[in-house]
Amino acid sequence: MSRNLFPALPFALTFALGAALAGFALAAFSPGLLNDGDTYWHIRAGEWMLAHRAVLRSDIFSYTMAGAPWHTQEWLAEILMALGWIAGGWQGIHLLFAVFTGLTAGLVGFFVRKRLDMMPALLTVVLGLCCVSGSLLARPHMLTLPLLALWVCGLVAAREQNRAPPFWLIVVMPLWANLHGSFAFGLALAGALGFEAVAEAQDRKKVALAWGLFLLAAGVSSMATPFGYQTLLFPFHLSGMQSLANIGEWQASDLSHLSPLALALLTSLFVLGSGRVKVAPIRLLLFLGLIWLALGHVRHQMLLGVAAPILLAPSLAKTWPARSDSHPPLFGALAAAGLVALIAVQLLVPVVRGDDAMSPVSALAHVPPSLRQTRVLNDYAFGGYLIWTGIKVFIDSRADFYGDSFLQNYAGMLSPDRDALAASLNRYQAHWTIFSRTTPMAKLMDTMPGWRRLYSDKLATVHVREDMHH
């Protein structure tokens, strides 16, 4: 009777369900998901767009750049985040990102397991998705990962069948382009696999035409955004900024300790170096290119983690091909029950937020309401939380918006440069400051004439002009 009610699932689908459950649980209960100040202003931007039923095109969060044009590339992701917040607060944000993480893990797991035997598939998917764990933050890039997985699956499946990608896959591109600037990686990857297809084809003109039409259609469709052709230019503008070197996620990956990336690279070296797995030259170059991106910038580890297992699956399958393993017929029902249980637990367990590295809750509570309405010179890391509380900031983490000149001036103050600090305090008529207690700026403010310390705790230090009486 149970076999009729709960028929056995295909082995690849069974594996995908398990991967999806693991990905969902990881994001749903990860305390680090909210460890980024960007989450605050992304939600506030989404709320503004929902309230005004329009895409936000100019700055509403700072006093230093108030009204300046703002390229809100991630507007659709911000609306999704605002909806998640409205629906369930921080639990809603956890649930939103858990669903998208689970979808990503499920898509990668299904594609890889359909081609590989159980243990090689498990190792490949786990190592890949572990590389994503460092980027497991409540920010727009995580909402694009299912589209990245679907896009790469479609491209690689087309290469396996020696045909051009199906045109339905183009639907992914405008969605992706309205969520995050990483859509440019998708176009570049399609170009690389198109080159591989032409290089290995007998009728190169026919293949070049088919892939060329697909790429053209994908590129044009990526401009179906509120910003048109500027959407294609934005990723180049961002990656060309010199000040990105001062931002953690744009810095080089640290291999001085055994991280998920280091473990994945060592495993790849062992497997490919053993000689048992043969990877075509262009595909190998593509894999090396992903490694180079991941080593160059921490934020690109997620691209490697999602794309590499899919790209390498056909090559690995020649050594460890999939077998039709049998699974208990009740697995589908148990997986569904597990998902319901995870959602229930996630919704029942409250998410309590207090002081953390980007949320100076206690320090701001000691700033009188009237003082909050005046101009502040704030720590870069605190910008998001200040925006969240309705304070107009000096700076926040929208690096592309502020630009190199402004960021370089700010970096100069942090060096620390007493003259640069004094000049900024006077130029912008700041009435109070809030900096991380561990930064040299907090100590330097103690020595600035005309300023006094208002409050300090283990996280933040607040200074106020001596002529301010609140």
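Note that the structure is a prediction, hence the values are computed from the model and not measured.

**Digging into the pairing of strand β2 (residues 432-436)**
Part 1 of the argument: Here β2 lies mainly inside the structure; five of its five residues are buried.
Part 2 of the argument: Of the pairings in the sheet, the one linking strand β1 (residues 376-378) to β2 comprises three bridges and is parallel in character. If you follow N378 over to β2, its bridge partner there is I434.
Part 3 of the argument: When β2 meets strand β4 (residues 460-465), the two strands line up antiparallel, connected through five bridges. Within β4, the position partnered with I434 by the bridge is V462.

**Some remarks on the sheet that holds β1**
Part 1 of the argument: With mixed pairing, four strands are arranged side by side in an open sheet as β1-β2-β4-β3. Since the sheet does not close on itself, it has two edges, and those belong to β1 and β3 (451-456), each with one partner. Between one strand and the next, the sheet's axes are offset by a mean angle of 20°, whatever the strand orientation.

**Regarding the packing of aromatic side chains**
Part 1 of the argument: Under the defined criterion, the tally for this structure stands at 19 aromatic pairs.
Part 2 of the argument: Between the aromatic rings of W70 and F401, the centroid separation amounts to 6.3 Å while the plane-to-plane angle is 55°, which identifies the pairing as tilted. Linking W70 in the loop between α3 (38-52) and α4 (75-113) with F401 in helix α18 (residues 399-414), this pair joins segments that are 331 residues apart in sequence. Assigned by exposure class, W70 and F401 land together as buried.
Part 3 of the argument: Aromatic side chains F406 and Y428 sit 6.4 Å apart centroid to centroid with 70° between the ring planes, which places their arrangement in the edge-to-face category. One end of the pair, F406, is in helix α18; the other, Y428, is in the loop between α19 (418-427) and β2, with 22 residues separating them in the sequence.

Criteria and cut-off values
- Residues numbered from 1 in each chain as written.
- Predicted model: local features only at pLDDT ≥ 70, side-chain atom pairs only at ≥ 80, totals over all residues.
- Heavy atoms only, no water.
- Buried < 20%, exposed > 50% of the residue type's maximum accessible area, 1.4 Å probe, protein only.
- Helix = DSSP H or I, 4+ residues; strand = E, 2+ residues; numbered from the N terminus.
- Pairing = 2+ DSSP bridges.
- Axes fitted to C-alpha atoms, helices over the stretch in contact; angles between N-to-C directions.
- Phe/Tyr/Trp six-rings, centres within 6.5 Å; stacked < 30°, edge-to-face > 60°.

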